[in-house]
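Geometric and topological summary
Next come the chains, spelled out residue by residue.
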Amino acid sequence: MFGGHQKTGMHKSVYGTVTKMFGNFGYVDDEIFFLREVVSGVQPRAGDSVFVSANYTPNMPIKWNADRLEVRTKQHHQPPPPPPPSRHRHHQQQPPPPMPSRRDAYSNRGYGRSGGNGVKREASSSRHQPSTLSNYAVSVPTRLFALPQFSVMDLRQRYPRLYLPSDFYHVSNTWLDEFPIDQPFQLGRHCAFHIFPKEVDSLDQQEAMDAAEPADQDYRYCAKVMLLASPPLDQLYSRTCALAQDTAEVRNRCTSVQRNLQFLCGISGGRSGEPLALGGPWSPSMDGEDPEGDPEVLINTAVRHVKRLIGVDLSGCTNWCKFMEYRYFRTGRPDKQRPPAEETVVVYVPDVWSLMPGGDEEWQVRCQAWEDRLELLLEPPKPPTPPPSPEQQASKTDGEGEGEGNDDGNNDEAKDAATGDKDETGENQQQEMAEEESSEQQEEMETAANPINMLNPADLPGMKVPDLRRELELRGLSNKGLKAQLIARLEEALQKQQQEEQEKEKQQDGGEQKKSDKKANTDDGTDASKDNAASAMPAPPPPPKELTEAEKDRLRRMHKLPDAPALFVTPSRTARNGRLDCQLIPLAQLLAYRLDASREHTFEVSMFAEQFNDMLSRDCAFNISAALERKAKAKAEAEAAAAAAAAEEEKSTENGADGAAAADAAAAADASADTSDQPPPEKRARRQATPTKPTASSSAGSQSLRTFRPDLLLSFVYFDRDRAGYLLCRDLEDLLHGLGTLRSRYQARRLAELLAASSSATASSSRRSSELPMLRYRCLTDFAEEPAGEGEDDDDAMKAEILATGGNRDLLSATAASASVAVVSETGETAAAALRRAEQERDDALRRLSAAAAQLTEAVVRLAAGQSAKQAATAEVRQLRDTVRNLKREEAAQRSALADHRRLVRATADVLERARQPLFDLFDKKDAAEESAAAEDGATSIGAAAAV
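As the structure is a computational prediction, the values presented were derived from the model and not from experiment.

What to know about the overall build of the protein
Of regular secondary structure, the protein possesses 28 helices and 24 strands. Taken over 948 residues, the protein has a buried fraction of 35%. Considering only intrachain contacts with a sequence separation of at least 6, the fraction spanning at least 24 residues in the protein is 73%. Surface accessibility of the protein: about 55,900 Å² in total, with carbon and sulfur atoms responsible for 52%.

Given below as structure tokens:
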């Protein structure tokens, strides 16, 4: 049905097998992730062979995400496979594991009856639910649709998985004032965008550059926009509602409403980054002085930033819906002298669809402008040819003179002799004029060929990195590196540029000197002047570089235009340091925000998606409520008319009681005879509960139906994700309670079950059956012929009646009024007595107020005295701390000096010890010498004595 096997870098369409299937999502070949809402036709089961179309999303944990899935036709009529073991009667003890890093698209908004654990309420979630409701999945919120404002605690309770920035403290849902419940947001206003690659500049690039960030931008106020892209209303109905008159193929291709509504968002960090709303801070000089009092100021801010970022001029939008207002409190940075401040971010939804081309002629004009741009890039214009030199002009003149001389040479000689001096003077003037014109044209050509401005090197440190890179690109230099490297590279280029200009000035000065010499020496001869003029002529500029065929093909691919009318988007190459990109993101993808997102701009986009979805849910629920109220009112009137007719018939047949009794007896006998051939009541109930297969006659009858209320059908389909064709009454009760009309549970259940048919089915165990009241909403939208009293005007009248009564709100107001009357009647006071008592109470209140003011004054005085004492004590403590600090410093100095003294004493002792040792050695030697001398003397004396 989809065609053959196709696969590209970012998209592929393949056949595969469903390997895993959980409650509301599954996997194909363990590689492609899909949600139930993208399934067309029969819901898949594990093991089914399917055809899947998927896109590559590198920013998601599962890289391949399906946008369409269909069970193969050959298996549509095969018996379904047995349920997997995880779907057994005890499957609640082993719930399916959640995805590792990606949640269900709507699991964090409190949908379902299990505390917000899942969007889709499946009938098979209970142990004894009927198997015929296995494909029933709805997203019905179990909370109020619209609240005017949220605090941090409100958002934590309402959206538990939404990241909250640390500085955020409040958000106002101003869309409630823009789109009240009786004036809902109108879907189906056609708008489309065509996003060019970042290499393509906008047609009015100069205006986009003029709208650059000013120096006085103030982040206290920021204006951002969310641009909606939507198909026309008839296409929206055909793509989402499965109209009765559409073909089977078209009905099988239907997807959810959230996938057909797209928003143009910026992508920070390239295609794999996080979405952000387009906009920026307020500038007093360019937008206005009073952003709080003048609503046009922030609108001007949004227009300026959108034109700078994506090249789309929103100044033609006439209706700017102030959708949300975020408030942040910045604590400040004392180290950077940044005081605490409050910041306000306003998100607008402008009527961008009003900028679409009004007809084919306007669309052709816009396309022609881009085609001219492409032709200019493919075939750049040749530079203008320089004017002929005086020598060429002279040779041309001489040639003409020779031609004329063939007829009458004598006349030429006479003319030359008579006007010789005049010709020389005129020729010199023509030479000077030609030289001046050629120099001017040369300067213009140089300026056009080299649109580089001369910058002041002293201003380079104050320039931003994108500006530095752009200047380097214009000069053909590399723009890689840090800011210091860019500045050094640009300074070197500026020095070279300055030297080249100085050389050109010197050449121009030499040319002027030659001109003056030529004027002074005019009488020297015509040949010398011609030579000087020829040497003074500038050289022709080089021809433009020719593009190769590959480069031309690349330019054609980048400038390829869409077939259908659209608004052209050209992302800026310098915004956010060149990392900004644009992408059309469906509302369903914005609602499936990532759990690891931790940026303020991501929080703003996710919160906007939640509130936009709540707004659409509120409008659809109100349409359903009005249709049910109208049908209930018509049914009550019909029953009343039937009861009145029966009463009249009873009165008319009062006289024939005997005949009526006989007729009743005969009818009872016939009934007993008929029931004798029928099975018991239990079997009849089971047979009625068993779903029957559609016959050929019923299918033929269904083909004759047409959808006359596609708006109401869209409201039902918005909640019925799988287009099962019915809503359970318990879900209808939640829808009615979510509108905030203060209905009781009985009132909501009675209204839901009034038109519902009890539909029972047999459980998978075949031992127990249950009846689930449901409303098959096709009976309210599809008819064989257009019925009377079933149009939008009737629902509008019922909506006005619902808003007038307000559900049970009028009972609250009446109860309050009666309570006030009862109090007055019980007191029994007259008006004068009540007035005197009120005046006395006022005087007592004034006296208490004056006493409180006096006490407040005393408290202020005591507070001032306490603060003065505190300041004095603080100063004294500071002084004592300084004294202690000085004493500690002195003690440390004394300890250091003592340590130095000890080291000096030890060093001196070591020196003395080393000096004492040689003296002791000398003394020992002297003593030894004396002893040896004494011993020799003794020996000598003994010898002498012996000799004697």
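Quick notes on the pairing of strand 17 (residues 341-350)
Buried residues dominate strand 17, accounting for eight of its 10 residues. Two elements, strand 11 (residues 218-225) and strand 17, share five bridges in a ladder whose sense is parallel. Paired with Cys222 across the strands is Val345, a residue of strand 17. In this structure, strand 16 (residues 320-330) lies alongside strand 17, joined through 10 bridges in antiparallel fashion. Counterpart to Trp320 in the pairing with strand 17 is Pro350.

Thoughts on the UniProt feature "domain: SAP" (unreviewed entry) in the protein
With numbering matched to this structure, UniProt assigns "domain: SAP" (unreviewed entry) to residues 460-494. Annotated as 63% helix and 0% strand, the span residues 460-494 places its first and last C-alpha atoms 11 Å apart.

Observations regarding helix 24 (residues 745-754)
When we look at burial in helix 24, the residues that qualify are Ala748, Leu751 and Ala752. Each buried residue of helix 24 sits inside an arc of 95° when the element is viewed along its axis, so together they form one side. For helix 24, the exposed residues set more than 90 degrees away from the buried face come down to Tyr746 and Arg750. Tucked inside the fold, the buried residues of helix 24 contact helix 18 (600-652) and helix 23 (729-738).

Some points on the nonpolar core
In terms of nonpolar packing, the biggest core is built from 115 residues, with Ile310, Leu314, Tyr326, Met607, Phe608 and Phe612 touching the most fellow members. When residues of this core are assigned to their parent elements, the largest contribution, 15 residues, is made by helix 18. Aside from chain neighbours lying at most four places away, what touches Tyr326 is Phe168, His170, Val171, Glu343, Thr344, Val345, Val347, Phe603, Glu604, Met607 and Phe608. Val18, Val38, Val50 and Val71 belong to the second largest nonpolar core, which has 15 residues in total.

A few points about helix 13 (residues 465-474)
Each turn of an α-helix holds 3.6 residues, which means side chains three or four residues apart point in the same direction. Of the residues making up helix 13, those classed as buried are Pro466, Leu468, Glu471 and Leu472. Backbone geometry just downstream of helix 13 places Gly476 in the positive-phi region, at approximately 75°.

Focus: a nonpolar patch on the surface
A surface patch of nonpolar side chains, amounting to about 400 Å² of accessible area, comprises Leu919, Phe920, Leu922 and Phe923. Its place among the elements puts Leu922 in helix 28 (residues 831-947).

As for the pattern of salt bridges
Tallied over the entire structure, the rule returns 31 salt bridges. Residues Glu379 and Lys552 are paired through a salt bridge, measuring 3.5 Å at the closest nitrogen-oxygen approach. Separated by 173 residues along the polypeptide, Glu379 in the loop between helix 9 (360-378) and helix 10 (390-405) and Lys552 in helix 16 (residues 549-558) bring together distant segments of the chain. The exposed category is assigned to Glu379, whose relative accessible area is 51%. When the shortest N-O distance is used, the salt bridge between Glu492 and Lys496 registers 4.0 Å. In this pair, Glu492 and Lys496 both sit in helix 14 (residues 483-520), four residues apart, roughly one turn of the helix. Accessibility expressed as a relative area gives 45% for Glu492, which makes it partly exposed. Beyond isolated ion pairs, a larger network of salt bridges with shared partners links Asp167, Arg330, Glu343 and Glu600.

Concerning the environment of Leu616
One can find Leu616 in helix 18. Classification of Leu616 by relative accessible area gives buried; the value is 4%. Note: C-alpha distance between Leu616 and Phe185 (431 residues apart in sequence) is 7.7 Å. Residues contacting Leu616, with those up to four places away along its chain left out, are Phe185, Leu187, Leu261, Leu587 and Tyr718.

Conventions and cut-offs
Residues numbered from 1 in each chain as written. Predicted model: local features only at pLDDT ≥ 70, side-chain atom pairs only at ≥ 80, totals over all residues. Heavy atoms only, no water. Helix = DSSP H or I, 4+ residues; strand = E, 2+ residues; numbered from the N terminus. Buried < 20%, exposed > 50% of the residue type's maximum accessible area, 1.4 Å probe, protein only. Contact = heavy atoms within 4.5 Å. Areas by Shrake-Rupley, 256 points an atom, 1.4 Å probe, with all protein chains shown as cover. Pairing = 2+ DSSP bridges. UniProt positions renumbered as here; feature names shortened; annotations may be inferred. Arc of directions from axis to C-beta. Core = buried A, V, L, I, M, F, W, Y, C linked by side-chain atoms within 4.5 Å. Patch = residues over 30% accessible without salt bridge, like charges linked within 9 Å, V, L, I, M, F, W, Y side chains within 5 Å. Salt bridge = Lys/Arg side-chain N within 4 Å of Asp/Glu carboxyl O.

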